[in-house]
Amino acid sequence: MKKAIIFGITGQDGSHLADLLLEKEYEVVGVSRRASTDNTQRIKHILSNENFYLMQGDITDAYSVINIFKKHSNVDEIYNLAAQSHVAVSFKQPALTWDITGKGCLNILQSIVDLGIDARFYQASSSEMFGRNYDIDRSQNKFQNEDTKFMPQSPYAIAKCAAHYMTTLFREAYGIHSSAGILFNHEGERRGETFVTRKITKWIGDWVKSGKDLNFPKLRLGNLEAFRDWGYAGDYVEAMWMMLQQDSPQDYVICTGKTHTIREFLDVAFLHVGMEDWSDLVVQDPEFYRPAEVDYLRGDCSKANKILGWTPKHSFEDLVKKMVEHDVS
Ligand code: NAP
Ligand code: G4F
């Protein structure tokens, strides 16, 4: 039986990845940080699984990471999904974001080397690292891929770049089997409620449950013109696992290749509840604009398709429908 450690088990991706690995009959050790209230909502359904173990740990504390590896030194695969993952929050809490999202990855990699852990490592890199490098020629169908230069636009993206380079350095310098997945935005029913997609579908759900009350507090959003390449989280964790099954560690872009604005997401989401015109229900609020924006993301995952045989299973329309139906019910 293979054993995997997942840092970030209580997050959206951690919970989907745990489901996938348990289905594949792995022993899964999930690492969750201490919280004053219950943070296990997304993994409630696996807490009593006999192959699942929950351990307390914090990736900003190297001692804590070392303790986990000492207890589970026979691990086969290590997934680092832990992060302060909210881009807007990273402008308000840049140092914390650096400690978790940047240095946290180093704490894991250095512990692997120092303790001589013989395991494969996955780092959750991000399309946010491409930042303002959308000067690609859209007319020629050129999208961001593994060769696109990083031009980060937020403290979050800069921390992710550092972790990404650390992952490739440790592969080259110490021969660690470490791979980074450069994942474009992926969403779903378990998405955090402050990310734009879930903020929209959650609001629609609450509004519908109120009987479509016209006095219901309006949905307050920021920039509606940014483009995102949105996929379904359940599909994307499969790509993470596939990367670690390869003989040679490499980095891969994971995306759908299609891009939509927030405005288009609103159109499709509101149409599911019979609203063609949502303009009276949404307010654009300066509070939700960022000091710097990433205007355009659209990926090209031909490498993942060719080497891993990975393709996204859900379309944009499937994704929006899934999220709205979940929040309305
Ligand atoms: P998420 O829902 O925000 O989950 C982040 C996880 O990290 C949570 O389990 C969180 O714990 C944990 N965490 C935060 N600080 C920690 C610390 N100091 N020590 C240990 N754990 C800590 O994020 P996600 O959407 O699942 O994304 C997973 C990873 O992929 C993240 O690294 C994210 O940056 C990256 N990524 C995400 C996307 C996307 O579109 N979802 C795209 C590209 C890359 P709590 O539950 O206690 O907060
Ligand atoms: O949903 P978002 O917060 O996601 P963002 O910033 O693209 O980051 C997500 O994807 C990254 C991959 O590219 C991950 F690495 C990262 O961890 C995270 O999962 O915002 C999407 C867009 C932005 O352009 C933002 O300005 O939506 C715009 N937006 C408009 N109104 C809003 C809002 N975003 C949020 N969170 N809240 C709003 O009210």
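Okay, so let's go over this structure. These figures come from a predicted structure and were not determined experimentally.

### Re the sheet that holds strand β1 (residues 3-7)
And then number 1: Taken in spatial order, the 7 strands of this open sheet run β3-β2-β1-β4-β5-β6-β11, and their pairing is parallel. At either end of the open sheet lies a strand with only one pairing partner, and these are β3 (52-56) and β11 (252-254). Here the strands of the sheet are splayed against their neighbours by 20 degrees on average, with no regard to which way each runs.
And then number 2: The pairing of strand β6 (residues 177-183) with β11 spans 3 bridges and is classified as parallel. Each bridged residue has a counterpart across the sheet, and for Leu-183 the counterpart in β11 is Ile-254.
And then number 3: Against the sheet, helix α1 (residues 12-23) touches β1, β2 (27-32), β3 and β4 (77-80), its axis set at about 170 degrees to β1.
And then number 4: The strands touched by helix α5 (residues 155-174) within the sheet are β5 (120-126) and β6, with β5 carrying the most contacts at an inclination of about 150 degrees.

### What about the site of ligand 2?
And then number 1: In the neighbourhood of ligand 2, 24 residues make up the surrounding shell, with Ser-126, Ser-127, Tyr-156, Arg-290 and Glu-293 lying closest.
And then number 2: Contact between ligand 2 and Glu-128: an oxygen atom at 3.5 Å from a main-chain N or O atom of the residue.
And then number 3: Arg-228 is positioned with one of its side-chain polar atoms (N or O) 2.7 Å from an oxygen atom of ligand 2.
And then number 4: A total of 710 Å² of accessible area belongs to ligand 2 in isolation, and the protein chains cover 96% of it.
And then number 5: Elements with a minimum of two residues in the shell around ligand 2: α6 (196-209) and β8 (219-221).

### Some words on the nonpolar core
And then number 1: Core analysis: the largest hydrophobic core is formed by 42 residues, its most contacted members being Ile-6, Leu-17, Leu-21, Tyr-79, Tyr-122 and Ile-254.
And then number 2: Those elements giving two or more residues to this core turn out to be β1, α1, β5, β6, α7 (233-244), β11 and α9 (302-308).
And then number 3: The element best represented in this core is α7, accounting for 8 residues.

### Let's talk about the packing of aromatic side chains
And then number 1: Inspection of the entire model under this criterion finds 16 aromatic pairs.
And then number 2: Centre to centre, the rings of Phe-270 and Trp-278 are 6.4 Å apart; their planes meet at 20 degrees, and the pair counts as stacked.
And then number 3: A connected cluster of aromatic rings, assembled from ring pairs, spans Trp-203, Trp-207, Phe-216, Phe-270 and Trp-278.
And then number 4: Here Arg-191 stacks its cationic end above the ring of Phe-195, 3.9 Å away from the centre of that ring.
And then number 5: Cation over ring: Lys-303 sits above Tyr-252, and NZ or CZ is 4.8 Å from the ring centre.

### Overview of α7
And then number 1: Under the 1.5 Å per step criterion, the end-to-end length of α7 is 18 Å for 12 residues, consistent within 8% with the ideal 16 Å.
And then number 2: Of all 12 residues in α7, 11 are buried, a share of seventy percent or more.

### Description of unusual backbone geometry
And then number 1: Even without being glycine, Glu-25 reaches a positive phi, approximately 65 degrees.
And then number 2: Structurally, the position occupied by Glu-25 is in the loop between α1 and β2.
And then number 3: Taking the relative accessible area as the measure of exposure, Glu-25 reaches 58% and is therefore exposed.
And then number 4: A positive phi angle is found at Lys-212, which is not glycine, with a value near 55 degrees.

### Regarding the packing of α6 against helix α8 (residues 262-271)
And then number 1: Where α6 contacts α8, the two axes come as close as 11 Å, and the packing angle between them is 30 degrees. With respect to each other, α6 and α8 are oriented roughly parallel. Where α6 crosses over α8, the two elements pack in a sense that is right-handed. In this structure, α6 uses Val-196, Thr-197, Ile-200, Thr-201, Trp-203 and Ile-204 to contact α8, whose residues at the interface are Ile-262, Phe-265, Leu-266, Ala-269 and Phe-270.

Conventions adopted
Residues numbered from 1 in each chain as written. Chains lettered and ligands numbered in written order. Predicted model: local features only at pLDDT ≥ 70, side-chain atom pairs only at ≥ 80, totals over all residues. Heavy atoms only, no water. Pairing = 2+ DSSP bridges. Helix = DSSP H or I, 4+ residues; strand = E, 2+ residues; numbered from the N terminus. Axes fitted to C-alpha atoms, helices over the stretch in contact; angles between N-to-C directions. Contact = heavy atoms within 4.5 Å. Near = heavy atom within 4 Å. Polar contact = N/O pair within 3.5 Å; in protein donor to acceptor, adjacent residues only side chain to side chain. Areas by Shrake-Rupley, 256 points an atom, 1.4 Å probe, with all protein chains shown as cover. Core = buried A, V, L, I, M, F, W, Y, C linked by side-chain atoms within 4.5 Å. Buried < 20%, exposed > 50% of the residue type's maximum accessible area, 1.4 Å probe, protein only. Phe/Tyr/Trp six-rings, centres within 6.5 Å; stacked < 30°, edge-to-face > 60°. Lys NZ or Arg CZ within 6 Å of the ring centre and 35° of its normal. Expected span 1.5 Å × (residues − 1). Parallel < 35°, antiparallel > 145°, perpendicular 65-115°, else oblique. Left-handed = near helix turned anticlockwise from the far one by under 90°.

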